[in-house]
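Listed below are the residues making up each chain.
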Amino acid sequence: MKKIILIFCFAGSALSLFSQTLSFSNATSSPFSIGGSQLRSNVAVDLNGDGKLDLLVADYGNNTISVLLGNGNGTFSQASGSPITVGTNPLAIAIGDFNHDGKWDLSIANYGDNTISILLGNGNGTFTQASGSPISVGSYPYWSDTADFNHDGKQDLAVVNLVDGTVSVLLGNGNGTFTPASGSPINLGASSNPYHVTTADFNNDGKLDMAITEGGTQSVAILLGNGNGTFTPASGSPISLGNYPRIIKSADLNNDGKIDLVVTESNSTTIDVLLGNGNGTFTAASGSPLNIGTGPTDIAIYDINKDSKPDIIVANSNTQVHVLYGNGNGTFTSPSGSPLSGILNDAQSIAIGDFNGDNKPDMAISSWASDSVQILLNDMPLGIASINQANDEAKIYPNPTSGIFTIECNSLQKNWVVEVYNVLGDKVYSSNINSAKTQIDLSNQAEGIYFYRAITNEANLIVEGKIIKE
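Note that the structure is a prediction, hence the values are computed from the model and not measured. (Residues numbered from 1 in each chain as written. Predicted model: local features only at pLDDT ≥ 70, side-chain atom pairs only at ≥ 80, totals over all residues. Heavy atoms only, no water.)

Our next topic: the sheet that holds strand 33 (residues 332-333). Sheet architecture is open: 4 strands sit in the order 30-31-32-33, paired in antiparallel fashion. With one partner strand each, in any of the chains shown, strand 30 (296-302) and strand 33 form the two edges of the open sheet. Inspection of the sheet shows strand 31 (residues 311-316) paired to strand 32 (residues 321-326) by 4 bridges, in the antiparallel sense. Counterpart to Val-314 in the pairing with strand 32 is His-322. (Pairing = 2+ DSSP bridges. Helix = DSSP H or I, 4+ residues; strand = E, 2+ residues; numbered from the N terminus.)

Attention shifts here to unusual backbone geometry. In this structure, the amide linkage connecting Ser-30 to the following residue, Pro-31, adopts the cis form with an omega of -5°. Within the secondary structure layout, Pro-31 lies in the loop between strand 3 (24-26) and strand 4 (32-33). The phi dihedral of Asn-114 falls on the positive side, at around 60°, and the residue is not glycine. Looking at the secondary structure, you find Asn-114 in the loop between strand 11 (105-110) and strand 12 (115-121). Residue Asn-114 is classed as partly exposed on the basis of its relative accessible area, which comes to 27%. In this model, Gln-218 sits at a positive phi of 50°, which is unusual for a non-glycine residue. (Buried < 20%, exposed > 50% of the residue type's maximum accessible area, 1.4 Å probe, protein only.)

Among the secondary structure elements, Ser-237 is positioned in the loop between strand 23 (231-233) and strand 24 (239-240). Spatially, the C-alpha atom of Ser-237 lies 7.9 Å from that of Leu-223, the residues being 14 residues apart in sequence.

Let us now look at the pattern of salt bridges. Evaluation of the coordinates by the stated rule reveals 1 salt bridge. Asp-298 is paired through a salt bridge with Lys-249; the nearest N and O atoms lie 3.7 Å apart. Of the two residues, Asp-298 is situated in strand 30 and Lys-249 in strand 25 (residues 245-251); the sequence distance between them amounts to 49 residues. (Salt bridge = Lys/Arg side-chain N within 4 Å of Asp/Glu carboxyl O.)

On to the nonpolar core, then. Counting residues in hydrophobic clusters, the biggest one holds 35 residues, and the most contacted among them are Ile-118, Val-167, Val-169, Met-210 and Ile-212. Every element with two or more residues in this core is listed here: strand 10 (90-96), strand 12, strand 15 (141-147), strand 16 (156-161), strand 17 (166-172), strand 20 (194-200) and strand 21 (209-214). (Core = buried A, V, L, I, M, F, W, Y, C linked by side-chain atoms within 4.5 Å.)

Attention now moves to the environment of Thr-297. With respect to the secondary-structure elements, Thr-297 resides in strand 30. Given the relative accessible area of 16%, Thr-297 is considered buried. Thr-297 sits 31 residues away from Ser-266 along the chain, and the two C-alpha atoms are 7.2 Å apart. Setting aside residues up to four positions removed in sequence, Thr-297 forms contacts with Ile-247, Ala-315, Asn-316, Ser-317, Ala-347 and Gln-348. (Contact = heavy atoms within 4.5 Å.)

The next point concerns the layout of surface pockets. Put simply, the largest pocket is a space of about 750 Å³. Lining the largest pocket are 28 residues, with Asn-42, Val-43, Ile-93, Lys-249 and Ile-350 positioned closest to its centre. Looking at the lining of the largest pocket, the elements that each hand over two or more residues are strand 5 (39-45), strand 10, strand 15, strand 20, strand 25, strand 30 and strand 34 (347-353). The dominant element in the lining of the largest pocket, judged by the number of residues it contributes, is strand 30, at 5 residues. Looking at the lining of the largest pocket residue by residue, the classes come out as 16 nonpolar, 9 polar and 3 charged. (1 Å grid on protein atoms, 1.4 Å probe; cavity = no way out; pocket = protein on both sides within 12 Å on 5 of 7 lines; lining within 4 Å. Points joined across faces, edges and corners; volume = space filled by probe spheres on them. Nonpolar A, V, L, I, M, F, W, Y, C, P; charged D, E, K, R; others polar.)

Moving on, we come to the pairing of strand 5. The side chains of a regular strand alternate between the sheet's two faces. The buried fraction of strand 5 is high, at 6 of 7 residues. Pairing analysis gives 5 bridges linking strand 5 to strand 6 (residues 54-59), with the strands arranged antiparallel. Paired with Leu-39 across the strands is Asp-59, a residue of strand 6.

With that settled, the discussion passes to the side chain of Ser-349. Relative to the assigned elements, Ser-349 resides in strand 34. Residue classification places Ser-349 among the buried positions, given a relative accessible area of 3%. Among the polar contacts made by the side chain of Ser-349, one reaches the main-chain amide nitrogen of Asn-42 at a distance of 3.0 Å. Of note is the side chain of Ser-349, whose polar atom sits 3.4 Å from the side chain of Asp-298. Discounting chain neighbours no more than four positions away, the residues touching Ser-349 are Arg-40, Ser-41, Asn-42, Asp-298, Ala-364, Ile-365 and Ser-366. (Polar contact = N/O pair within 3.5 Å; in protein donor to acceptor, adjacent residues only side chain to side chain.)

This is the structure in structure tokens:
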């Protein structure tokens, strides 16, 4: 006779039911060559609207951009017309809809000829150069980002120019052309050597701001947007970091509604986590800087283990990728299995997305030294968040019918959802509930371990636990 063994879950204690051990494997034919030389930035995006993620890769050595259309199984095919010739030594790719046609367009920072190429998407993986492209900017553009700086509904560009210490702000005209903003380029100082820019609202005024790494001054500049394409330095800017900060990314890492920053130190084995105070100033997180290995070259911020907390993924030049699981409060933990080894030598860029349609985040890594792209597919069982905020016990008890159990939690009074997952992370049951108690039928499921999650959006509560059916 079958029975159900019950394990009670006290909400409020942090559970780690899934995805604690990091596990990725090479996709079929990965790594693969695209016939390029000295690959840099790569971006994951669905260019042709088929629901499969595609890749864009900057080929610094050949002055081209490769467009790789995803086949939906972790493999890719060159798009028609790819690779596309752009300017000299393309370093960075930024995406946006620059002409309001609902198709992804590209901005490419051409490091070797001081220009930005604008390629307008045709919606099928092919591109047409925009009128007026390429656009002259400052000396040695290293990175760019897209944002609407002047609230006109049109995508603008911020371009950091490494050698002359400036930031070019280009306001979009909505047709794929751009006009320099008043006061552009912004002078950060001849010795600043700006490398990278990220845009977000750092002071919660509804206007987009910029954070820029300055390798020359070993600091991060915070420029607050005035809402018209002009900027004012934030109080306390620039923020001194040391060890030549290079790559910078922004996200809310501790769920307080304020944007935070993650910064690589290129001459170090650490990264910095700076928590936003909501006014354009930042405070180092507890435990920052974090150790991530030698030669960090790129960062991605993504919920890689799907526990509803942002994680940090760092590509290193020494054949490793380090992953730090977010704890939801601005601190991070290195999981078992990190760092991932067997990574291409001198990895330069990392893109995250679901490349094989299994609802798990995968990785795409481009390599400067091997001129190849590596696709790492996520092997982890995913599906359960590890956030428990309820104040009472979730009671589970069996019913006379084999495979039926009842879950009761007084914190979840109405309008909640109960989900049940198997050990592979597959959802085997889901139901909307309107009372504190409900019955779940697992009679058609095999014997084994199952995990449940009960959620209500009204009170932002999540309760979790484990069931053993045998």
